[in-house]
Amino acid sequence: MSIHFPLQADGALDAQQPAPRFKSVAGSGNQPLANGTAVFNSPEVFSPLMLMKQSALENNLRQLADFCREKGVMLAAHGKTSMSPAILRRAVTEGGAWGLSAATPAQVRALRQFGIRNVFLANELVDPGGIRWIGEWQKQHPDHGFLCYVDSLQGVRLLEQHLGDSRIAVLLEMSVSGGRTGCRSSSEALEIAAAIAASPALQLVGVAGYEGALGAGRDAAGVQRVKEYCQMLIDTAALLAEHQLFASQHIILSAGGGAWFDVVSACFTAANLPLPMTPLIRSGAYMAHDSGLYARIAPFAQPGATHHFTAALEIWGRVLSRPEPGLAFVDFGRRDVPFDQDLPNPLWVRNVDGSAPRAASGMRISEVNDQHAYLVLPEEDALKPGDWVGCGISHPCTAFDKWRYLPLVDDDYCVTDSLETAF
């Protein structure tokens, strides 16, 4: 019996499933704002506030969609970055994504609740409860696509034990010493692939991996490591095809997170394999981009790039105190902003009533506590308590999870939509 793993984006969103709504419990106390609300002079807005720029989001969706179409690759946009139904549904309807990636069975369930028809669990599926739930869902929704990883014989046994009479498509995950999850050798890959091929519950449809743990920087050495890793995935796919272990005559090669999808796409599309192949990349940070980590390492930030992403997230807070000439404190901190990959980057300043926007020249965040940001600034700057400070963030993957609600705003900072998250 064949199972459903469509290689087209058609029907990737269940139009009958409305985007869920969640009760806002954001730590700032902000509730969803009415469309048209002007953020900086509304009595409904409490500080601090994380917001998203609509024009940047739309640009980022369009730019990666164009890239994928030009390169002939498929996109399973990673949902873990935002876990926001309004954003992720747009990645499918406007951004051309085949479907969405998840990192955990709980995220798979959330994406199904969002109405996403094609879901790729880019991880091993070993949790018995998660296996049973996913198996039951697939049995009840045979037209919904689902993929996941396997990298061990024990993983095969767990899936067989808990799927019951359900069947799912899987990809063999490969990695190298020092990498993340995944088989470490071709002999191990053959053994596990043979077990998958013999299983009545599983169908092997491709090979996958994650290159991001290997290429820490965009230098020549990092590029070479990623290329060698991609070649290992290609060689593994060729080996499994030679042993006739794939369940289909058309296979998937999947890798490509936010930092290396350009190199991965180039390697995969140039591969010479005995079976037709579709490359599947899994970037998720691109929807928000940032003003730090991804502004440096993202493919479209590199010299000669023909596409570009725009930072969509901003954190706005009010100055609490100006206790020293060159130091001010702003009312956001570790509970509000990512700090694992760079601190927020001051961009703009506004008066207490939101007027007179100006560049945050000479300002930087030197440290964040739980609810305080240390703002170093020129001693002569007129910044005063109550004024707004707006910052770009670094690493969107640890930004959305701190907020249950973010307003989507136009370039005049008027609300156009409510973005709620489901972490």
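For the protein, the name recorded in an unreviewed UniProt entry is D-serine deaminase, pyridoxal phosphate-dependent, with Kosakonia arachidis as its organism. Quoted verbatim from the Sequence similarities (unreviewed entry) heading of the UniProt record, the comment on the protein is "Belongs to the DSD1 family."

Here we look at the sheet that holds strand β4 (residues 118-124)
Around the barrel, which closes on itself, the 8 strands sit in the order β2-β3-β4-β5-β6-β7-β8-β9 with parallel pairing between neighbours. Neighbour-to-neighbour, the strand axes of the sheet open up by a mean angle of 30°, direction not taken into account. Here β4 pairs with strand β5 (residues 145-150) via 5 bridges, running parallel. Looking at the pairing, Val119 lines up with Phe146 of β5.

Remarks on the packing of aromatic side chains
Aromatic ring pairs are defined here through the distance separating the ring centres and the angle between the ring planes. Counted according to the given criterion, the structure contains 14 aromatic pairs. Judged by centre distance (4.5 Å) and plane angle (45°), the ring pair of Phe300 and Phe309 falls under tilted. With respect to burial, Phe300 and Phe309 carry one shared label: buried. One aromatic cluster in this structure is built from Phe67, Phe261, Tyr286, Phe300 and Phe309.

Considering the packing of helix α7 (residues 220-242) against helix α8 (residues 261-269)
Interaxial distance between α7 and α8 falls to 10 Å at its minimum, and their mutual angle equals 40°. Here α7 lies oblique to α8, going by the angle between them. The way α7 lies across α8 gives a crossing that is right-handed. Between α7 and α8, the residues in contact are Val226, Lys227, Cys230, Leu233 and Ile234 and Val263, Val264, Cys267 and Phe268, respectively. Here the contact of α7 with α8 is built from residues that sort into 8 nonpolar, no polar and 1 charged.

Looking at the packing of helix α1 (residues 54-71) against helix α2 (residues 85-93)
Relative orientation of the contacting elements α1 and α2 amounts to 35°, with a least axis distance of 10 Å. Crossing geometry of α1 relative to α2 is assigned as right-handed. The residues of α2 that touch α1, namely those facing Leu57, Glu58 and Leu61, are Ile87, Arg90 and Ala91.

A word on the environment of Ala193
If you trace the backbone, Ala193 turns up in helix α6 (residues 186-198). Assessed through its relative accessible area of 0%, Ala193 is described here as buried. With 53 residues separating them in the primary sequence, Ala193 and Phe246 have C-alpha atoms 8.2 Å apart.

Quick look at the layout of surface pockets
One number sums up the size of the largest pocket: a volume of about 600 Å³. Contributions of two or more residues to the lining of the largest pocket are made by β4 and α9 (293-297). Counting residues per element, the lining of the largest pocket draws most heavily on α9, at 3 residues. Here the lining of the largest pocket is built from residues that sort into 13 nonpolar, 13 polar and 5 charged.

Thoughts on empty space enclosed by the protein
Within the structure shown, the criterion is met by 1 cavity of 30 Å³ or more. Computed from the structure, the largest cavity encloses a volume of approximately 30 Å³. Lining the largest cavity are Glu124, Leu125, Val126, Tyr149, Val150, Asp151, Ser152, Gly155 and Leu159. When residues of the lining of the largest cavity are traced back to their parent elements, those giving at least two are β5 and α5 (153-163). Residues that form the lining of the largest cavity fall into these classes: 5 nonpolar, 2 polar and 2 charged.

How each quantity is defined
- Residues numbered from 1 in each chain as written.
- Predicted model: local features only at pLDDT ≥ 70, side-chain atom pairs only at ≥ 80, totals over all residues.
- Heavy atoms only, no water.
- UniProt positions renumbered as here; feature names shortened; annotations may be inferred.
- Pairing = 2+ DSSP bridges.
- Helix = DSSP H or I, 4+ residues; strand = E, 2+ residues; numbered from the N terminus.
- Axes fitted to C-alpha atoms, helices over the stretch in contact; angles between N-to-C directions.
- Phe/Tyr/Trp six-rings, centres within 6.5 Å; stacked < 30°, edge-to-face > 60°.
- Buried < 20%, exposed > 50% of the residue type's maximum accessible area, 1.4 Å probe, protein only.
- Parallel < 35°, antiparallel > 145°, perpendicular 65-115°, else oblique.
- Left-handed = near helix turned anticlockwise from the far one by under 90°.
- Contact = heavy atoms within 4.5 Å.
- Nonpolar A, V, L, I, M, F, W, Y, C, P; charged D, E, K, R; others polar.
- 1 Å grid on protein atoms, 1.4 Å probe; cavity = no way out; pocket = protein on both sides within 12 Å on 5 of 7 lines; lining within 4 Å.
- Points joined across faces, edges and corners; volume = space filled by probe spheres on them.

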